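# Breakdown of the fold
Chain residues, written in single-letter form:
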Amino acid sequence: MSAMTREEILAAVADGADLSRADLSHANLRYANLSGADLRGANLSGANLRGADLSGADLSGANLSGANLSGADLSHANLRYANLRGANLSGANLSGAAG
């Protein structure tokens, strides 16, 4: 998948698009509503997800290395096999998250 703008990403999520394996590296998704999104195997390395709603999202196998997830809602998200090395999780809600 080619690089997408923030607006294209958010529109795709709103339309229920499959963002699995998408390259969202270094994307600015601050405060984005990605609840329930299919982000399996997506590349979110270095992405700004500060305050984002990722509740119930499927992030299995996703690359979140170096991502800013401070204050993000990851409740009930699937984080199995996700790479969180170097990610900022300060203040993130991980209640009920699997991984």
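In what follows, the structure referred to is the one given above.
Here goes a summary of the coordinates provided. (Residues numbered from 1 in each chain as written. Predicted model: local features only at pLDDT ≥ 70, side-chain atom pairs only at ≥ 80, totals over all residues. Heavy atoms only, no water.)

## A closer look at the overall build of the protein
- Along the backbone of the protein there are one helix and zero strands.
- Here the protein holds 99 residues, and 38% of them are scored as buried.
- In the protein, the proportion of contacts linking residues at least 24 apart, taken out of those at least 6 apart, comes to 2%.
- Working note: accessible area of the protein is about 4,900 Å², and carbon and sulfur atoms make up 45% of it. (Helix = DSSP H or I, 4+ residues; strand = E, 2+ residues; numbered from the N terminus. Buried < 20%, exposed > 50% of the residue type's maximum accessible area, 1.4 Å probe, protein only. Contact = heavy atoms within 4.5 Å. Areas by Shrake-Rupley, 256 points an atom, 1.4 Å probe, with all protein chains shown as cover.)

## A word on the side chain of Ser-20
- Tracing the sequence through the fold places Ser-20 in the segment after α1 (6–14).
- Other than its neighbours up to four places away in sequence, Ser-20 contacts Asp-38, Leu-39 and Arg-40.

## Description of the environment of Leu-94
- Within the fold, Leu-94 resides in the segment after α1.
- Owing to a relative accessible area of 39%, Leu-94 belongs among the partly exposed residues under this scheme.
- Sequence separation between Leu-94 and Asp-73 is 21 residues; the distance between their C-alpha atoms is 6.9 Å.
- With residues near it in sequence (within four places) discarded, Leu-94 still touches Leu-74 and Leu-79.

## Topic: the environment of Asp-53
- By the element assignment, Asp-53 lies in the segment after α1.
- Given the relative accessible area of 24%, Asp-53 is considered partly exposed.
- Taking the C-alpha atoms as reference points, Asp-53 and Arg-30, separated by 23 residues in sequence, lie 9.3 Å from one another.
- The contact partners of Asp-53, leaving out residues within four places of it in the chain, are Ala-32, Asn-33, Leu-34, Ser-35 and Asp-73.

In short, geometric facts, not functional conclusions.
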